[in-house]
Amino acid sequence: MKRFSLLVFAHIIWLNVFSQNTVIPAPASYVKTEGIFSIGNEIQLITDQENLASVSRNFIESNRKYTGIICYIGSDNSERSKIFLTIDNQFSGKIESYHLSVKEKRVDIKANSANGVFYGLQSLLLMFVTAENNTIQCFEIDDTPDFEWRGLMLDESRCFFGKEKVKQILDYMAFLKLNKFHWHLTDVTGWRIEIKQYPKLTTVGAKGRMFDPEAPAMFYTQKEIREIIQYANDRFIEIIPEIDMPGHARAANMAYPEYSGGGSEKHPEFTFNPADEETFKYLSNILSEVGELFPSSYIHIGGDEVHFGNEQWNSLAQVKELMLENQLSSLKEVEEFFVRKVNTQLQKIDKTMIGWDEIVDSDVDNNHSVVMWWRHDKPEQLNLALNKGYRTVLCPRLPLYFDFDQFETHKYGRRWEGFCDLKSLYNYPDREHDLLNKFRGQIMGIQACIWTERIQNEKRLDYMLFPRIFALSEAGWTSEVNKSYESFENRLKTLLPFLEQTGIYYFNPFYPENTPEPYGRNP
Ligand code: TNX
């Protein structure tokens, strides 16, 4: 009897070792089935659908890079394992949903779109990179996302990282089924996107980075941007550009001072002139060029923190006239007027405006605007946005700002009566429970933001991003009933060696002292 229970016990352990589901984000349903799939060194990818060519190529390339497994398109009579990829119009689910079945000799991935098939392959890839002895316990996954917006924002104005780093981040986003890359391309420190009509924006405005105002101009040419958009597109990631206005405009004003609305002592040349028609034409031209470059239906116009540096508006004759003509009684109302005007302009070029939660006060048309709620200390602003009918993306500083510290002993990141630890991030948006019940249809999803005032190099960027990006992905994809922090930690543990393999310097939450925080200079 004793021997029998020992055997049962050993069997359970054995099953657990081989039945590990290592997929992040956790799928909606994972069921272990009989049998073991031997991956082998070569795998056939089989599909008769032309629009899966790019998805297949991507899988082949990822395996070449990360697992060394040779995959090839086409079927032969060999004994090699086969992966069948199918787009099935009858398959019910969202555009990103998929079914993944792994049996002893064959894998099947089904979805109603190439996007779904791609996500099935990402789950499989995660299983491959963590497979022990080149085998996987057979299983069936049925998966579908909880939120449609699972975003990450990168600020490349303060510090510029360049094309290769952005592509690496996009690779990880794809792995983790994150689907919106919000690119903060302009701010006080540097203007990072080539605008053909206004070349000085980059020849002059792209000079400098945090703590190094003399750094040579660093920016993306339109050709590079197209390349990155294509790269993202191949991974089902939409890129949303942000051109911050009317505040955070210093870099642009260095290039074209004639459009400046001045600043304050602490924030010089911070704004665009909100009351000048020529400035408006200039900004409209920029937005049109940006709009043509980026296929996304959204353009983010910032709209944040204007009061930091709009003091000089008080002394501009044009602002006074505008106030008189339009019965505006404060600078805040001038700002709101400006935001409404830009909104109308964006509608003309068929783009939907996204703005930080300040835009809620402008009462811009809620059919043509999306709000990003960032001020965690102002929950009333989120309430207001939802009550005014805005579609909203949740990105509260706590726990979603990755320039904030992630561990209590860390000291170079930001803090705000707390830091952004892995667990609260993982559990988010649990605390928005009531609003989610009431406004589920308007809450598009969640997004993390990496501001880079305190992130001056790639090592530090990696450290602030990893492993929080894993928790972000599960917070956005996996529905609350399927979330378990304990299970997440176990899956994360198995993935950490992979991070190491790809050269990422990450924070290890299980052995914090093993991965000390890289130095970051603070403003
Ligand atoms: C606030 S979030 C900002 C950024 C800073 C960030 C630092 C937002 C809309 N504006 O300009 O970089 O805090 O955490």
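Residues numbered from 1 in each chain as written. Predicted model: local features only at pLDDT ≥ 70, side-chain atom pairs only at ≥ 80, totals over all residues. Heavy atoms only, no water.

(A) Looking closely at the overall build of the protein chain. For the protein chain, the helix and strand inventory stands at 17 helices and 17 strands. A principal-axis box enclosing the C-alpha atoms of the protein chain has dimensions of 90 × 50 × 50 Å. In the protein chain, the proportion of contacts linking residues at least 24 apart, taken out of those at least 6 apart, comes to 72%. Split by element, the accessible area of the protein chain, about 21,600 Å² in all, is 50% carbon and sulfur. (Helix = DSSP H or I, 4+ residues; strand = E, 2+ residues; numbered from the N terminus. Contact = heavy atoms within 4.5 Å. Areas by Shrake-Rupley, 256 points an atom, 1.4 Å probe, with all protein chains shown as cover.)

(B) Region of interest: helix H6 (residues 222-233). With 12 residues, H6 extends 16 Å from end C-alpha to end C-alpha; this agrees with the ideal 16 Å at 1.5 Å per step. Among the residues of H6, Gln222, Ile225, Ile228, Ile229, Tyr231 and Ala232 are the ones counted as buried. Elements in contact with the buried residues of H6: helix H2 (53-66), helix H4 (163-175), strand S9 (180-184), strand S10 (238-245) and helix H8 (277-293). (Expected span 1.5 Å × (residues − 1). Buried < 20%, exposed > 50% of the residue type's maximum accessible area, 1.4 Å probe, protein only.)

(C) Structural view of the packing of helix H3 (residues 114-130) against helix H17 (residues 485-501). Between H3 and H17, whose axes approach to 9 Å, the crossing angle comes to 80°. Here H3 lies roughly perpendicular to H17, going by the angle between them. For the pair formed by H3 and H17, the contact residues are Leu126, Val129 and Thr130 on the first element and Thr494, Leu495 and Phe498 on the second. Tallied by class, residues from the contact of H3 with H17 come to four nonpolar, two polar and no charged. (Axes fitted to C-alpha atoms, helices over the stretch in contact; angles between N-to-C directions. Parallel < 35°, antiparallel > 145°, perpendicular 65-115°, else oblique. Nonpolar A, V, L, I, M, F, W, Y, C, P; charged D, E, K, R; others polar.)

(D) How the structure looks around the pattern of salt bridges. A complete count under the given rule lists 28 salt bridges for this structure. Residues Lys65 and Asp171 are paired through a salt bridge, measuring 3.3 Å at the closest nitrogen-oxygen approach. Placement of Lys65 in helix H2 and of Asp171 in helix H4 is noted, with a sequence separation of 106 residues between them. Overall, the relative accessible area of 42% leaves Lys65 in the partly exposed class. Between Arg80 and Asp76 there is a salt bridge, and its shortest N-O distance comes to 3.7 Å. Among the residues examined, Arg80 registers a relative accessible area of 33% and is labelled partly exposed. A relative accessible area of 27% means that Asp76 is categorised as partly exposed. One connected set of salt bridges, linked through shared partners, spans Asp155, Arg158, Asp187 and Glu453. (Salt bridge = Lys/Arg side-chain N within 4 Å of Asp/Glu carboxyl O.)

(E) Spatial organisation of the site of the ligand. Around the ligand, the structure places Arg158, His248, Asp304, Glu305, Trp356, Trp374, Tyr401, Asp403, Arg414, Trp451 and Glu453. Between Arg158 and the ligand, the recorded distance is 2.9 Å, taken from a side-chain N or O atom to an oxygen atom. Contact distances for the ligand include 2.6 Å between an oxygen atom and a side-chain N or O atom of Glu453. Here the ligand loses 96% of its free accessible area of 360 Å² to cover by the protein chains. Mapping the ligand onto the cavity grids shows that it belongs to the largest pocket. (Near = heavy atom within 4 Å. Polar contact = N/O pair within 3.5 Å; in protein donor to acceptor, adjacent residues only side chain to side chain. 1 Å grid on protein atoms, 1.4 Å probe; cavity = no way out; pocket = protein on both sides within 12 Å on 5 of 7 lines; lining within 4 Å. Sits in = over half its atoms within 2 Å of the grid points.)

(F) Representation of the layout of surface pockets. Looking at the largest pocket, its volume works out to about 1,100 Å³. Lining the largest pocket are 40 residues, with Arg158, Val188, His248, His267 and Glu453 sitting closest to its centre. Here the lining of the largest pocket gets three residues from one element, more than from any other, and that element is helix H7 (residues 250-255). Here the lining of the largest pocket is composed, by residue class, of 16 nonpolar, six polar and 18 charged. Forming the walls of the second largest pocket are 16 residues, and the residues nearest its centre are Arg57, Asn58, Glu61, Ser62 and Arg235. Contributing elements (two or more residues each) for the lining of the second largest pocket: H2, H3 and H4. The element best represented in the lining of the second largest pocket is H2, accounting for seven residues. (Points joined across faces, edges and corners; volume = space filled by probe spheres on them.)

(G) Examining the sheet that holds strand S5 (residues 98-102) more closely. In spatial order, the strands read S1-S7-S5-S6-S4-S2-S3; together these seven strands make up an open sheet with mixed pairing. Two strands lie at the open edges of the sheet, namely strand S1 (29-38) and strand S3 (70-73), each paired on one side alone. Direction aside, the axes of adjacent strands within the sheet are offset by 20° on average. Contacting strand S2 (42-46), S3 and strand S4 (81-87), H2 runs over the sheet at an angle of about 165° to S3. (Pairing = 2+ DSSP bridges.)

(H) Representation of the packing of aromatic side chains within the structure. Per the stated rule, a full pass over the model turns up 34 aromatic pairs. Considering the side-chain rings of Tyr66 and Phe498, the 5.3 Å spacing of their centres and the 80° angle between planes classify their relative orientation as edge-to-face. One end of the pair, Tyr66, is in helix H2; the other, Phe498, is in helix H17, and 432 residues separate them in sequence. With respect to class, Tyr66 is no different from Phe498; both count as buried. Taken together through their ring pairs, the aromatic side chains of Tyr66, Tyr172, Phe175, Phe466, Phe470 and Phe498 make up a single cluster. Residue placement shows Arg397 over the ring face of Trp416; its charged tip is 3.7 Å from the ring centre. When the ring centre of Phe510 is taken as reference, the NZ or CZ atom of Lys493 above it lies at 4.7 Å. (Phe/Tyr/Trp six-rings, centres within 6.5 Å; stacked < 30°, edge-to-face > 60°. Lys NZ or Arg CZ within 6 Å of the ring centre and 35° of its normal.)

(I) Main features of the side chain of Gln44. Here Gln44 shows up in strand S2. Within the local environment of Gln44, its side chain forms a polar contact with the backbone nitrogen of Asp76, the two atoms lying 2.8 Å apart. Side-chain polar atoms of Gln44 contact the backbone oxygen of Arg80, separated by 3.4 Å. Ignoring sequence-local partners within four residues, the contact set of Gln44 consists of Tyr72, Gly74, Ser75, Asp76, Ser78, Arg80, Ser81, Lys82 and Ile83.

(J) Molecular detail of unusual backbone geometry. For the peptide bond that leads from Met245 to Pro246, omega is -5°, which places it in the cis range. By the secondary structure assignment, Pro246 is in the loop between S10 and H7. A positive phi angle, close to 55°, is found at His248, a residue other than glycine. By the secondary structure assignment, His248 is in the loop between S10 and H7. Here His248 falls in the buried class, since its relative accessible area comes to 5%.

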